[in-house]
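Each chain is listed here by its residues.
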Amino acid sequence: MQELLTEIAEAAAANPDKGNVATYIPELAGIDPNQFGIAVALADGRVFTAGNADVPFSIQSVSKIFALALALGRVGDQLWYRVGREPSGLSFDSILLLEREDGIPRNPFINAGALVTTDTYLAGSTPREALGELLRFIRAACDDDSIHMNEKVAKSELATGHRNFSLAHYLASYGNLRASVDKVLGTYCHQCAIEMSCRQLALAGRFLVDAPRMPGLVSIERRRRINALMMTCGHYDGSGDFAFRVGMPGKSGVGGGILVISPSRASIAVWSPGLNKYGNSKLGTEAMEHFAHKTGWSVFGVPHGGEGAHV
Ligand code: GLN
């Protein structure tokens, strides 16, 4: 495994096409695209890393996994009256389907759906309390109390987040937000501004791995469903492509992070800030394709000869 991760990090460093760093959140625009990290937390407790695996980055939409787990913990299946479970086939910040579908976002991983999820775990609390609960969940998942939010990134997105404000107002016009638009956006932008390294994120993802000794933060059924949504919707309009190339559930963020789950084996985090045309990490996606090819890991079956050469 260590050999494979080193090989993947070297391939990323040698690749001249790093993709494009997101610029619509000004605070993220200055990030050096020449960074790459990967970490694998195996079900047996071992952790392997390569590259800049201990450099914290803005997890952005990867946070939507933890937010979903928290919202489901609050209201259970009631959530599905307010948000769907289908891929949208559109970019993460699209407003197009909201009008046609009466203010019910397609899934909890596009921005419109994530705003509903945030509104759900925010219900009955102040933003500070709700964010505190979210941080406690993530800190428990990775057993690391140092995880925090980057206030500058949150403020930067709040100041320029016209599209997310539009989505929130649109949801509110259909009665699909309980808290005020300002409260929901303030909470959502702070949630997205959580910083983690690949090592911390891989450890935090273990609650989605089906193996003994993993943090039991959600029920088995919920874990499977979150994985299913990651597979079908975790990369927006690039979800089909990611499933085709990698064959494992994953959730990307515009900060360049991707969390990938091999459901009974491992939680994997990869990060490189340059994005592809779907807004997902370019080198991160390529790295995961390389990883899946070499390990043979896929939810669609095991390779001939068993578990793969590197396991
Ligand atoms: N905070 C970002 C936004 O709402 C998250 C988007 C993403 O990571 N794809 O635009």
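Rules behind the numbers
Residues numbered from 1 in each chain as written. Predicted model: local features only at pLDDT ≥ 70, side-chain atom pairs only at ≥ 80, totals over all residues. Heavy atoms only, no water. Salt bridge = Lys/Arg side-chain N within 4 Å of Asp/Glu carboxyl O. Helix = DSSP H or I, 4+ residues; strand = E, 2+ residues; numbered from the N terminus. Axes fitted to C-alpha atoms, helices over the stretch in contact; angles between N-to-C directions. Parallel < 35°, antiparallel > 145°, perpendicular 65-115°, else oblique. Left-handed = near helix turned anticlockwise from the far one by under 90°. Contact = heavy atoms within 4.5 Å. Nonpolar A, V, L, I, M, F, W, Y, C, P; charged D, E, K, R; others polar. Pairing = 2+ DSSP bridges.

Undergrad: Kindly report on the pattern of salt bridges, identifying the contributing residues and their values.
TA: Enumeration according to the criterion identifies 14 salt bridges in this entry. Note that E286 and K282 form a salt bridge whose closest N and O atoms lie 2.7 Å from each other. One end of the pair is E286 and the other is K282, both in helix α12 (residues 282-295) and four residues apart, which spans about a single turn. The network of salt bridges with shared partners includes D17, K282 and E286.

Undergrad: An account of the packing of helix α5 (residues 127-142) against helix α8 (residues 181-192) is needed here, citing residue identities and associated values.
TA: Relative to each other, α5 and α8 sit at 30°, their axes nearing to 10 Å. Accordingly, the angle class assigned to the pair α5 and α8 is roughly parallel. By crossing handedness, the relation of α5 to α8 is classed as right-handed. Across from P127, L131 and L134 in α5, the residues of α8 making contact are K183, T187, H190 and Q191. Its residues assigned to classes, the contact of α5 with α8 comprises three nonpolar, three polar and one charged.

Undergrad: Describe the sheet that holds strand β4 (residues 148-149), with residues and values.
TA: Here three strands make up an open sheet; going across it, the order is β3-β5-β4 and the pairing antiparallel. The open sheet has two free edges, formed respectively by β3 (57-58) and β4, since each of these has just one partner strand. Examined bridge by bridge, β4 and strand β5 (residues 194-196) share two bridges and lie antiparallel to one another. Across the sheet, M149 pairs through a bridge with I194, a residue of β5. Strands β4 and β5 of the sheet are contacted by α5, whose axis makes an angle of about 10° with β5.

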